[in-house]
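# Overview (structure and organization)
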Amino acid sequence: MVSTTSSIHHGLCLCYLCTAAAASSTAANPNIPNDSNNENLNEVSNRNTHIRLRRELEGEAPFVNLYVPTNNVDGVAKIDLDIQSVWSKVLLGDSVSIAAARDVYSGGVGSRSDVSLESIGSSSELVDPNIIQEYSGDYDYYDRLMQAVFDKVSTSFVNSGIDFDFSGFSKDENAGFVRHGMLGVVMDHIKFCLDQATKSCHNLDLSQSIMHWDEAVAFYTGSISRESGAEGYLFFTESEVQGYQFGTRSGSMSMSNKAVFDNFVEGKLKLTEDECGSAEVNAEKIKSQMLIPLIQGLLHNAYQIDNLFDQNEITRGEVSGYAAALLPSINNCDKNVAATIHNDLAPGQADESSFEVVKYNLERIYGCLGVSCSQVGGFLQPSGTSYWKKAEPCGFAPVPSPVIAPISLSDNDSGSSSDPVPLILGLFFGFVFLLAVGWSFKRRNSNDIIKDVGPVQNELSLNEVNDKNTENGVTIVEKADAE
């Protein structure tokens, strides 16, 4: 979402920028190259328009024109500026900065005057069914979390056993929590906007229906989203970042973003055609898809802490933030799973958490959450070609290793195989067989039989075995090494 002049706001694309606005911006500034391939379009200014793309657009700019709002919802999209400001001030950690962060949280800095993080975090009673109230016993679950961060105290929810205690959190841990925990605030309000859109549709109020739907897109995307994620603070960027880390990209964008915008576009069309029930289906799909980057972020940070021994305080704060955002939805599916996730990832618990326990319990309720194993994917190693051990997608079946043929003792064999196990087994059983034969003959005739047969060389020294195998390209240093 970008700020636009009134002459072009109807052509605005909330994801990045509509083609018409980009062309207008370029034409107005002769110092900006007009690249037909749309590559590296940076810092474009056009009167009151400040566009920040900072990403390499591919082909015909696949991120452009994903959704064109009917209404001017610039102020709504700027909620990400509030998150950015709150996060940066909490990261400083001193009392003056914390007070300033609280002011931005309650009053906003970039968003519309009637929209602030506090106002949307305190209005969960408007969402139906209310999984927030069911989980915490309070309608203002997310606001209580944020106030506890500012005060460095524990929450005191009506329902017991689900509190988050920030009294021992450092400034870095608090900042990590704020950065991703506030996604829960925004997610809850996106659900509200979608519900209001479909309710207005049933009430035959098309203009209000489309207004709420446009606002849902704005809250999802934000005003400074970009693919690298360094400046994005809402779901669009979160999905792009996690799509890279979990191998869940489809072409030039994450699978969950593609699914969300497909449903945003289709749902708006259904609203205009007065197909309210169909739009409700689109809304439910969007709600489920929003959970995917949160699940991925939680799994990523939990793995970092448990398996890669990440001691970064921000990582511990982030995993608690992801958990806080997800717990009402998890509880709606399985209260025992919610209790497990809370006990493992609430503030102060992450260092003792078990990634495998967290992953297993989440995977048990994927179906209820409306997501699948393939949609969540698995945590990739930096190469991007293989998963971290135990972090594969659920149901993942690794490609079996090729079978290595046993080596031959023939003088004509090239000795290309280096596995000594078949040779040792053959020698061992041959040795046992010869002993058995010798013992049998001895019982039948203690001396004569052996004299007739002659010497039986039924033992090979270690040196003799090495000499023989060296001819075939195999060297056995000690018997223990043959295994």
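The structure we're discussing is the one just above.
Residues numbered from 1 in each chain as written. Predicted model: local features only at pLDDT ≥ 70, side-chain atom pairs only at ≥ 80, totals over all residues. Heavy atoms only, no water.

## Some thoughts on the overall build of the protein chain
- Counting its secondary structure elements, the protein chain contains 20 helices and four strands.
- For the protein chain, buried positions account for 50% of its 483 residues.
- In the protein chain, 65% of the contacts between residues at least 6 apart in sequence involve partners at least 24 apart.
- For the protein chain, the accessible area works out to roughly 22,400 Å², and carbon and sulfur atoms hold 51% of it. (Helix = DSSP H or I, 4+ residues; strand = E, 2+ residues; numbered from the N terminus. Buried < 20%, exposed > 50% of the residue type's maximum accessible area, 1.4 Å probe, protein only. Contact = heavy atoms within 4.5 Å. Areas by Shrake-Rupley, 256 points an atom, 1.4 Å probe, with all protein chains shown as cover.)

## Section: the pattern of salt bridges
- Counted under the stated rule, the structure contains 17 salt bridges.
- Where Asp 151 meets Arg 102, a salt bridge forms, and the shortest distance between an N and an O atom there is 2.5 Å. Of this pair, Asp 151 sits in helix α7 (residues 141-151) while Arg 102 sits in helix α4 (residues 95-107), placing them 49 residues apart in sequence.
- A relative accessible area of 41% places Asp 151 in the partly exposed class.
- By relative accessible area, Arg 102 is classed as partly exposed at 26%.
- A cluster of three or more residues bridged by salt bridges with shared partners is formed by Glu 173, Glu 313, Arg 316 and Asp 351. (Salt bridge = Lys/Arg side-chain N within 4 Å of Asp/Glu carboxyl O.)

## Section: the environment of Ala 218
- The topology assignment puts Ala 218 in helix α9 (residues 206-221).
- In the structure, Ala 218 is positioned 138 residues away from Asp 80 in sequence and 9.9 Å away in space, judged by C-alpha atoms.

## Let's talk about unusual backbone geometry
- Look at Asp 274: it is not a glycine, yet its phi comes out positive at around 60 degrees.
- With respect to the element layout, Asp 274 can be found in the loop between α11 (255-272) and α12 (276-306).
- Judged by relative accessible area, which is 47%, Asp 274 ranks as partly exposed.
- Residues other than glycine seldom take positive phi values, yet Lys 390 does so here, at roughly 75 degrees.
- Positionally, Lys 390 belongs in the loop between α17 (373-376) and α18 (421-444).

## Thoughts on the packing of aromatic side chains
- One pass over the structure, following the stated rule, counts 22 aromatic pairs.
- Centroid distance Trp 87 to Tyr 233: 6.2 Å. Interplanar angle 55 degrees. Geometry classified as tilted. A residue pair is termed long-range when its members are at least 10 positions apart, and Trp 87 in helix α3 (residues 79-92) and Tyr 233 in the loop between α9 and α10 (235-245) qualify at 146 residues.
- Through successive ring pairs, a cluster of aromatic residues spans Tyr 67, Trp 213, Tyr 220, Phe 235, Phe 236, Phe 261 and Phe 264. (Phe/Tyr/Trp six-rings, centres within 6.5 Å; stacked < 30°, edge-to-face > 60°.)

## Topic: the state of the cysteines
- In the structure shown here, the tally under the stated rule is three disulfides.
- The residue that forms a disulfide with Cys 333 is Cys 368, at a sulfur-sulfur distance of 2.1 Å. The disulfide joining Cys 333 to Cys 368 has a torsion of about -90 degrees about its S-S bond and is therefore left-handed. A residue pair is termed long-range when its members are at least 10 positions apart, and Cys 333 in helix α13 (residues 313-333) and Cys 368 in helix α16 (residues 366-369) qualify at 35 residues. (Disulfide = S-S within 2.5 Å.)

## Notes on the packing of helix α8 (residues 171-202) against α12
- It is at 9 Å that the axes of α8 and α12 come closest, and there the two elements cross at 175 degrees. In terms of orientation, α8 lies roughly antiparallel with respect to α12. From α8, Leu 183, Met 187, Ile 190, Lys 191, Leu 194, Asp 195, Thr 198, Cys 201 and His 202 reach across to α12, where they touch Cys 276, Gly 277, Ala 279, Glu 280, Ala 283, Ile 286, Lys 287, Met 290, Leu 291 and Leu 294.
- Across the contact of α8 with α12, the residue classes tally to twelve nonpolar, three polar and four charged. (Axes fitted to C-alpha atoms, helices over the stretch in contact; angles between N-to-C directions. Parallel < 35°, antiparallel > 145°, perpendicular 65-115°, else oblique. Nonpolar A, V, L, I, M, F, W, Y, C, P; charged D, E, K, R; others polar.)

## What to know about the nonpolar core
- Val 86, Phe 264, Ile 295, Leu 298 and Ile 341 are the most contacted members of the largest nonpolar core, which has 100 residues in total.
- The contact partners of Ile 341, leaving out residues within four places of it in the chain, are Leu 298, Ala 323, Leu 327, Ile 330, Ala 346, Val 358 and Leu 362. (Core = buried A, V, L, I, M, F, W, Y, C linked by side-chain atoms within 4.5 Å.)

## Observations regarding the side chain of Gln 242
- Here Gln 242 shows up in helix α10.
- Those residues in contact with Gln 242, other than ones at most four positions away along the chain, are Thr 248, Pro 293, Gln 296, Gly 297, His 300 and Tyr 322.

## So, the side chain of Ser 200
- Take Ser 200: it is sitting in helix α8.
- On the basis of relative accessibility, which here comes to 10%, the residue Ser 200 falls in the buried class.
- Residues within four places of Ser 200 in sequence aside, it is in contact with Asp 205, Gln 208, Ser 209 and His 212.

## Section: the packing of α9 against α11
- Across the interface, α9 lies against α11 with an axial gap of 10 Å and an inter-helix angle of 170 degrees. Taken together, α9 and α11 sit at an angle that is classed as roughly antiparallel. On α11, the residues that touch Leu 206, Ser 209, Ile 210, Trp 213, Asp 214, Ala 216, Val 217, Tyr 220 and Thr 221 of α9 are Ser 256, Asn 257, Val 260, Phe 261, Asn 263, Phe 264, Gly 267, Lys 268, Leu 271 and Thr 272.

## Describing the environment of Asp 351
- If you trace the backbone, Asp 351 turns up in the loop between α14 (335-345) and α15 (355-364).
- When the C-alpha positions of Asp 351 and Ile 305 are compared, they lie 6.6 Å apart, and in sequence the two are 46 residues distant.
- Once residues lying within four places of it in the same chain are set aside, the contact partners of Asp 351 are Ile 305, Gln 311 and Arg 316.

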